[in-house]
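# Understanding the architecture of this molecule
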Amino acid sequence: MHADETRIGASLVRRLLAEQFPRWARLPLRRVRSAGTVNALYRLGDELTVRLPRIANGADDAVREHAWLPRLAPRLPFPVPEIVGLGTPTAGYPWHWSVLRWLDGDPPTAGALPDGRQLAADLGAFVASLRALDLPGGPPAHRGTPLSAVDAETRSAIADLRGSVDTGAATAAWEEALAAPRWTGPPRWLHSDLMPMNLLVREGRLAAVLDFATLGTGDPACDLVPAWNLLPATARPVFRDAAGADDADWARGRGWALSMALVQLPYYRDTNPVIAANATHVIREVLAGRRDL
């Protein structure tokens, strides 16, 4: 998926475990199929997962999660990853990596939810709980900035998609989001990457939230993106009410969903069909919603 991707295989994982966590080195190991773009995942035995960054952009992820997840987890209403071992760089692998508790559940798929209102309520409660946290000293969130910080990247992606999407409508929707009032409150905690592949569900309920590599504080609007990347339109009001989003939050959240999808689609169209399909879905949902105004 990336030009600078590091090759990761079972032999490397076995070697790292033998060197740094020998008590787990003989457990069964198998690759986990995932649409994730930054990390390779391996199931280790029945209870553990090994997670290794593929690219330098993920080099600090495990350290950030190791520092903050133990403090966040007791304050959140749904399970999140528990790091039981923080691996360190070696001569054969250049970045920190982690061993985590296995969490049961399945990633949801946009358009495949029979109803979605219970999941919407769960997701809204999760977003609201993050937003309400009183936990000082958090790092800046990856997407906790004003939308204007990604304006150039978003407009470049729209140009790249000429002939594939309605670029006029996409530009108009983007400019509407940019015009929304900015966040003026104190920085709030947010996950900032609530893509479907970072969620687990069981029987229509949220079972866990994964991958906190981009967590931090800032404008919490980005955590509203599940409204467009996952939930059916009929469930969006439930999610919005549970998350406590006002009109300005909602407009900025829609802008983040659109920007992320516009950037993802040309980048992953040929390398990650799951991400590309979700990006197409988001663009369609955002533009359809605009036409319904």
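First, a word on scope: everything that follows refers to the structure included in this document. (Residues numbered from 1 in each chain as written. Predicted model: local features only at pLDDT ≥ 70, side-chain atom pairs only at ≥ 80, totals over all residues. Heavy atoms only, no water.)

### Considerations on the overall build of the protein chain
Applicable threshold: Secondary structure is summarised from DSSP: a helix means a run of H or I of at least four residues, a strand means a run of E of at least two, and numbering begins at the N terminus for each. Each radius of gyration is computed over the set of C-alpha atoms, and the globule rule expresses the reference value as 2.2 Å times the number of residues to the power 0.38. When a residue's accessible area, from a 1.4 Å probe over protein chains only, is under 20% of the maximum for its type it is buried; when over 50% it is exposed; and in between it is partly exposed. Note on contacts: a residue pair qualifies if any of its non-hydrogen atoms lie within 4.5 Å across the two residues. Here the open area of atoms and residues is found with the Shrake-Rupley method and a 1.4 Å probe, where only the protein chains shown may cover a residue. For the charge count, each Lys or Arg is scored as positive and each Asp or Glu as negative, with His and the chain ends excluded. A single reference atom marks each charge: NZ on Lys, CZ on Arg, CG on Asp, CD on Glu.
Secondary structure summary: the protein chain contains 9 helices and 9 strands in total. Relative to the globule expectation of 19 Å for 293 residues, the C-alpha radius of gyration of the protein chain, 19 Å, shows essentially globular dimensions. In terms of principal-axis extent, the alpha carbons of the protein chain reach across some 60 × 40 × 40 Å. Going through the 293 residues of the protein chain one by one, you find that 52% of them count as buried. In the protein chain, once contacts between residues fewer than 6 apart in sequence are set aside, the share between residues at least 24 apart is 72%. Here the protein chain displays about 13,400 Å² of accessible surface, and carbon together with sulfur accounts for 51% of that area. Computing the positive centroid from 32 side-chain charges and the negative centroid from 32, the protein chain places the two 4 Å apart.

### Side note on the pairing of strand β3 (residues 48–53)
Put simply, the rule is: Only strands that DSSP links by at least two bridges are regarded as paired with each other.
In terms of residue burial, β3 counts as a mostly covered element, since 6 of its 6 residues are buried. Alternating positions in β3 separate into two faces, L48, V50 and L52 on one and T49, R51 and P53 on the other, with burial throughout. Bridge count for strand β2 (residues 39–44) against β3 is 6 bridges, and the pairing is antiparallel. Across the sheet, residue N39 finds its bridge partner in β3, namely P53. Between β2 and β3, which pair antiparallel one after the other, the connecting turn spans 3 residues, and G45 there sits at a positive phi close to 65°.

### Here's the deal with empty space enclosed by the protein
Quick note on the threshold: Grid spacing is 1 Å over the protein atoms alone, the probe is 1.4 Å, and a cavity is where that probe fits but cannot get out, while a pocket is an open set with protein on both sides within 12 Å along at least five of seven lines and lining residues have an atom within 4 Å of a point. Grid points are joined across faces, edges and corners, and a volume is the space filled by probe spheres set on the points. Under the scheme applied here, ten amino acids are nonpolar (Ala, Val, Leu, Ile, Met, Phe, Trp, Tyr, Cys and Pro), four are charged (Asp, Glu, Lys and Arg), and all others, including Gly, are polar.
Counted by the stated rule, this structure contains 1 cavity of 30 Å³ or more. Roughly 50 Å³ of volume is contained in the largest cavity. Every residue lining the largest cavity is listed: M195, V225, N229, A257, M260, A261, Q264, N278, A279 and V282. Secondary structure elements with two or more residues in the lining of the largest cavity: α8 (247–268) and α9 (273–291). Among the elements that line the lining of the largest cavity, the one with the most residues is α8, at 4 residues. Broken down by class, the residue content of the lining of the largest cavity amounts to 7 nonpolar, 3 polar and no charged.

### Remarks on the packing of helix α3 (residues 117–131) against helix α7 (residues 236–243)
What counts here: Axes, fitted as lines to C-alpha atoms, cover a helix only where it is in contact. Angles between the N-to-C directions of the axes lie from 0 to 180 degrees. Any angle from 65 to 115 degrees is called roughly perpendicular, while one under 35 is roughly parallel, one over 145 is roughly antiparallel, and all others are oblique. Two helices crossing with the near one rotated counterclockwise from the far one by less than a right angle form a left-handed crossing, whereas a clockwise rotation gives a right-handed crossing.
Two elements in contact, α3 and α7, have axes whose closest approach is 7 Å; the angle formed by their N-to-C orientations is 25°. Of the possible angle classes, the one that applies to α3 and α7 is roughly parallel. Crossing geometry of α3 relative to α7 is assigned as right-handed. Facing α3, whose interface residues are R117, A120, A121, L123, G124, A125, V127, A128 and R131, α7 presents V238, F239, A242 and A243. Here the residues of the contact of α3 with α7 sort into 10 nonpolar, 1 polar and 2 charged.

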